[in-house]
Amino acid sequence: MSFKCRVCDSVNMEPVIDLGIQPWCNDFLTPEQVGKEPSYPLNVVYCHQCTTAQLDYTVPKEVMFGDHTYLSGITKSLSDHFKKMAIEANDRFCENKDEKSVLDIGSNDGTQLQHYKKLGFDILGVESSVGTATIANERGLKTINAFYNLETAKEMGKKFDIINASGVFFHLEELHSVVKAVKFNLNEDGVLIVQFLYMKSIVENCAFDQIYHEHLLYYSLKTLKTLLNRHGLDIFDAYLAPIHGGSVMAFVSHTESNRPKTERYQAMVQEEEECDFNSIKTYKDFNRRIQAMKQENLAFLRSRKAEGKKIFGLGAPVKGNTMLNFFGVNTDLLDCLTEKNKLRDGLYSPGMHIPIVMEDEHLVHPDVYYVLAWNFKKEILKNNQNLIDQGIEFFFPVDPEEL
Ligand SMILES: [Zn+2]
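Residues numbered from 1 in each chain as written. Predicted model: local features only at pLDDT ≥ 70, side-chain atom pairs only at ≥ 80, totals over all residues.

**Student:** Describe the pairing of strand 15 (residues 368-371), and please don't skip the residues or the numbers.
**Tutor:** Neither face of strand 15 is left uncovered, since the one carrying V368 and Y370 and the one carrying Y369 and V371 both have all their residues buried. Across three bridges, the pairing between strand 15 and strand 16 (residues 393-395) is parallel. By the bridge assignment, Y369 is partnered in strand 16 with F394. (Buried ≥ 20, exposed ≤ 12 C-beta atoms within 10 Å, placed from the backbone. Helix = DSSP H or I, 4+ residues; strand = E, 2+ residues; numbered from the N terminus. Pairing = 2+ DSSP bridges.)

Shown next, in the form of structure tokens:
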């Protein structure tokens, strides 16, 4: 196999999870586009050299990030999380600074920047989607419409006290250029805050729907550290946050700044070592559990259908398409997907072509909701208690205990 590791350049790679040929999962379709969407391989490979799990195929970034329909302002729990993060960054790293600045990479509609702005930060966002960057600028949240890389960083020509990268480090085609850019843009005593889906949580929860073309890399603390160390950056603190069903917040500084490593970070690293998480065995076991989950989910949906029940998908998250397409769950099983994001109104899911309807517009509830937006379990159960009391079933294909 000639594919080179995205982190360490090794060619010693082994395929571990094959999710088949899938359309790009963020490409929700208009009626005219149905059936014409292109598809790409979705395989996870493991690097025997640095142990990073990653996709071996890259959908071109212009296809992936030109016009995405994900708006981070949409859910309350995400916005609350962003607010908490801005306050934490301010209190821990900028309290005594008269002037403080933040750069948000992949800043989306500016939800995160807005919280920093309220705390008195000089703010700047970089967002690759034209539509989303425009929304942010209209809200008065200064945003450059570009792909963030070393070139963009040099054009800015500026250093920041805080650089925020929420959920971007795994969908960067120009990975090394981006890390070099951070090195360039980070103040001497600055802190990079990386939020990433923690592969250990993904594996523990069997949340394989987090595997999709946008996510090129699946990090543990060990593998993220390997990447950062190559460019003179190092992790000094980390903890697990419940957002997106299990994310790590990692705090990173220049290696030469020698910040002391926190106990909780060292404990997490030790835990990875003790359970031998970064071994190929982890991924082979994970693959077996994904196959079993497919059989169990199909059996559940088919049995409810056989009882004459009506089933809707709850939510049309991007990740849901990985699951629907891999399981082969189409309109024979799900009548529609109910969704809040108005940008997806009237569109169809890529691959399975399930129609999307707005949550507040469909009047008759089904007998069963198959919850694709499982990471908002708490919010969903709370908002739908009256339906649960009426006997409507909410099935969570991924059901992490801590959510
Ligand atoms: Zn590697």
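**Student:** I'd like a rundown of the sheet that holds strand 13 (residues 337-339), residues and numbers included.
**Tutor:** If you trace the five strands from one edge of the open sheet to the other, you get 14-13-12-15-16, paired in parallel fashion. Across the chains shown, the open sheet's two edge strands, defined by having one partner strand only, are strand 14 (356-358) and strand 16. Going across the sheet, the axis of each strand differs from the next one's by a mean of 35 degrees, ignoring polarity. Docked against the sheet, helix 10 (residues 280-306) engages strand 12 (311-314), strand 15 and strand 16, running at close to 140 degrees with respect to strand 12. (Axes fitted to C-alpha atoms, helices over the stretch in contact; angles between N-to-C directions. Contact = placed C-beta atoms within 7 Å.)

**Student:** Let's hear about unusual backbone geometry: which residues, and what values?
**Tutor:** For N108, which is not a glycine, the phi torsion comes out positive at approximately 55 degrees. Of note in the backbone geometry, H353 takes a positive phi value of approximately 55 degrees without being a glycine. Take H353: it is sitting in the loop between strand 13 and strand 14. Judged by local crowding, H353 falls into the partly exposed class, with 16 C-beta atoms found within 10 Å.

**Student:** Give me the lowdown on helix 8 (residues 221-229), citing residues and values where you can.
**Tutor:** Within the span of helix 8, buried status applies to L221, T223, L224, T226, L227 and L228. Packing partners of the buried residues in helix 8 comprise helix 6 (175-185), strand 8 (186-197), strand 10 (233-241), strand 11 (247-254) and helix 9 (263-274).

**Student:** Which residues make up the domain arrangement of the chain, and what values go with them?
**Tutor:** Buried accessible area, meaning the area lost when the parts come together, often serves as the stated size of an interface. Domain assignment breaks the chain into domain 1 (72-272) and domain 2 (308-395). Distance from the C-alpha centre of domain 1 to the C-alpha centre of domain 2: 30 Å. Counting from both sides, the interface comprises nine residues of domain 1 and, opposite them, 11 residues of domain 2. Each residue belonging to the side of domain 1 that touches domain 2 can be placed in one class, and the counts come to three nonpolar, five polar and one charged. (Domains from an automatic or database assignment. Nonpolar A, V, L, I, M, F, W, Y, C, P; charged D, E, K, R; others polar.)

**Student:** I'd like a rundown of the packing of helix 2 (residues 76-93) against helix 3 (residues 111-118), residues and numbers included.
**Tutor:** Between helix 2 and helix 3, the least distance of the axes is 9 Å, while the angle of their chain directions is 40 degrees. The orientation of helix 2 with respect to helix 3, classified from their angle, is oblique. Two packed elements cross with a definite hand, and for helix 2 against helix 3 that hand is right-handed. Contact with helix 2, carried on its side by S79, F82, K83 and A86, involves T111, Q112, H115 and Y116 of helix 3 and no other residues of that element. Partitioning the contact of helix 2 with helix 3 into residue classes produces three nonpolar, four polar and one charged. (Parallel < 35°, antiparallel > 145°, perpendicular 65-115°, else oblique. Left-handed = near helix turned anticlockwise from the far one by under 90°.)

**Student:** Go over the nonpolar core with me, naming the residues and quoting the values.
**Tutor:** Counting residues in hydrophobic clusters, the biggest one holds 107 residues, and the most contacted among them are I163, L192, I193, A250, V252, Y370 and L372. For this core, the element with the highest residue contribution is strand 8, accounting for seven residues. Residue contributions to this core reach at least three from each of two domains, namely domain 1 (72-272) and domain 2 (308-395). (Core = buried A, V, L, I, M, F, W, Y, C linked by C-beta atoms within 7 Å.)

**Student:** Give a description of the pairing of strand 12 that names residues and reports values.
**Tutor:** Of the two faces of strand 12, the one holding I311 and G313 and the one holding F312 and L314 are both buried throughout. In this sheet, strand 13 lies alongside strand 12 in parallel orientation, the contact comprising two bridges. Paired with G313 across the strands is L337, a residue of strand 13. Considered for its hand, the β-α-β crossover made up of strand 12, helix 11 (residues 320-327) and strand 13 is right-handed. (Right-handed = clockwise from strand over helix to strand, strands pointing away.)

**Student:** Tell me about the sheet that holds strand 4 (residues 101-105), and name the residues and values.
**Tutor:** Read from one edge of the open sheet, seven strands run 6-5-4-7-8-11-10, paired in mixed fashion. The open sheet terminates on both sides in strands that have one partner only, identified here as strand 6 (143-145) and strand 10. Taken over all neighbouring pairs, the strand axes of this sheet differ in orientation by 20 degrees on average, direction set aside. With five bridges joining them, strand 4 and strand 5 (residues 122-127) adopt parallel strand pairing. Bridge assignment links I105 to a residue of strand 5, and that residue is V126. With respect to the sheet, helix 6 is in contact with strand 4, strand 7 (160-166), strand 8 and strand 10, its orientation differing from that of strand 8 by roughly 145 degrees.

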